[in-house]
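So you can see what is in the structure, the chains are spelled out below.
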Amino acid sequence: MSYDDNNVFARILRGELPCRKVYEDDHALAFHDINPLAPVHVLVIPKGRYVDMSDFTENASDAEIAGFFRAVGRTAERLGLKEGGYRVLSNCGRDANQEVPHLHVHIFGGANLGPMLRRRDG
Ligand code: 5GP
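For clarity, every value in this text was computed on a predicted model and none was experimentally measured.

*Asks:* Hey, could you run me through the sheet that holds strand β2 (residues 28-32) in this one?
*Replies:* Note on sheets: strands pair through backbone hydrogen bonds, and any given pair is parallel or antiparallel. In spatial order, the strands read β1-β2-β3-β5-β4; together these five strands make up an open sheet with antiparallel pairing. Both outer strands of the open sheet, β1 (21-24) and β4 (86-89), are each paired with one neighbouring strand and no more. The mean angle between the axes of side-by-side strands here comes to 20 degrees, regardless of whether they run parallel or antiparallel. For β2 and strand β3 (residues 40-46), the ladder comprises five bridges, and the chain directions are antiparallel.

*Asks:* Looking at this structure, I do not really get the pairing of strand β5 (residues 105-109). What am I missing?
*Replies:* Walk down a regular strand and you will see the side chains alternate between the two sheet faces. Buried residues dominate β5, accounting for five of its five residues. Across the two faces of β5 the burial is the same, with Val 105, Ile 107 and Gly 109 and His 106 and Phe 108 all buried. When β3 meets β5, the two strands line up antiparallel, connected through five bridges. Paired with His 41 across the strands is Phe 108, a residue of β5. Where β4 and β5 come together, four bridges link them in antiparallel fashion. By the bridge assignment for β5, Arg 87 is matched with Phe 108.

*Asks:* In this structure, what is going on with the environment of Tyr 23? I would like to understand it.
*Replies:* Tracing the backbone shows Tyr 23 in strand β1. As a C-alpha pair, Tyr 23 and Arg 74 span 51 residues in sequence and 7.9 Å in three-dimensional space. In this structure Tyr 23 touches Ala 28, Leu 29, Ala 30, Ala 71, Arg 74, Thr 75 and Arg 78, once residues within four positions along its chain are discounted. A distance of 2.7 Å separates a polar atom in the side chain of Tyr 23 from a polar atom in the side chain of Asp 25.

*Asks:* How should the site of the ligand be read in this particular structure?
*Replies:* Taken together, 17 residues form the shell around the ligand, and within it Asp 33, Asn 91, Glu 99, His 104 and His 106 come nearest. Within the side chain of Asn 91, an N or O atom sits 2.8 Å from an oxygen atom of the ligand. At 2.8 Å, a side-chain N or O of His 106 approaches an oxygen atom of the ligand. For the ligand, the accessible surface in isolation is 520 Å², of which the surrounding protein chains cover 85%. Broken down by element, the residue count for the shell around the ligand peaks at three residues, all from helix α1 (residues 8-13).

What counts and how
Residues numbered from 1 in each chain as written. Predicted model: local features only at pLDDT ≥ 70, side-chain atom pairs only at ≥ 80, totals over all residues. Heavy atoms only, no water. Pairing = 2+ DSSP bridges. Helix = DSSP H or I, 4+ residues; strand = E, 2+ residues; numbered from the N terminus. Axes fitted to C-alpha atoms, helices over the stretch in contact; angles between N-to-C directions. Buried < 20%, exposed > 50% of the residue type's maximum accessible area, 1.4 Å probe, protein only. Contact = heavy atoms within 4.5 Å. Polar contact = N/O pair within 3.5 Å; in protein donor to acceptor, adjacent residues only side chain to side chain. Near = heavy atom within 4 Å. Areas by Shrake-Rupley, 256 points an atom, 1.4 Å probe, with all protein chains shown as cover.

Below you can see the structure in the form of structure tokens.
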């Protein structure tokens, strides 16, 4: 899939839409999810134009990849989640129901999050 410059996270990066910022550096921006699914639910996005995790890991530079994942850790630390723990998740593509076609990592925390996925029958 080619990158859509009008996706909502691209617009947040350009400052066209507001966000509740948690952390920002040269490689990444972290902000609160508009529809939180946990007491703490923050999204971390790279500044580059990457559709999803596959696009990013194939095409981003080593510096972008290192910088992005370091930003995920720093965001969790800034949110005070290191001691209690947290969950990191990235939906990639159709089967994961990815909604926004700009790579993002969800950070969930602030309570016990229960099992990772609902167990499927059969
Ligand atoms: P996905 O399903 O693609 O992994 O997750 C997309 C996430 O982006 C959802 O959790 C959704 O609530 C969040 N989201 C969608 N639009 C906006 C927005 O305009 N601002 C913020 N802060 N989050 C958004």
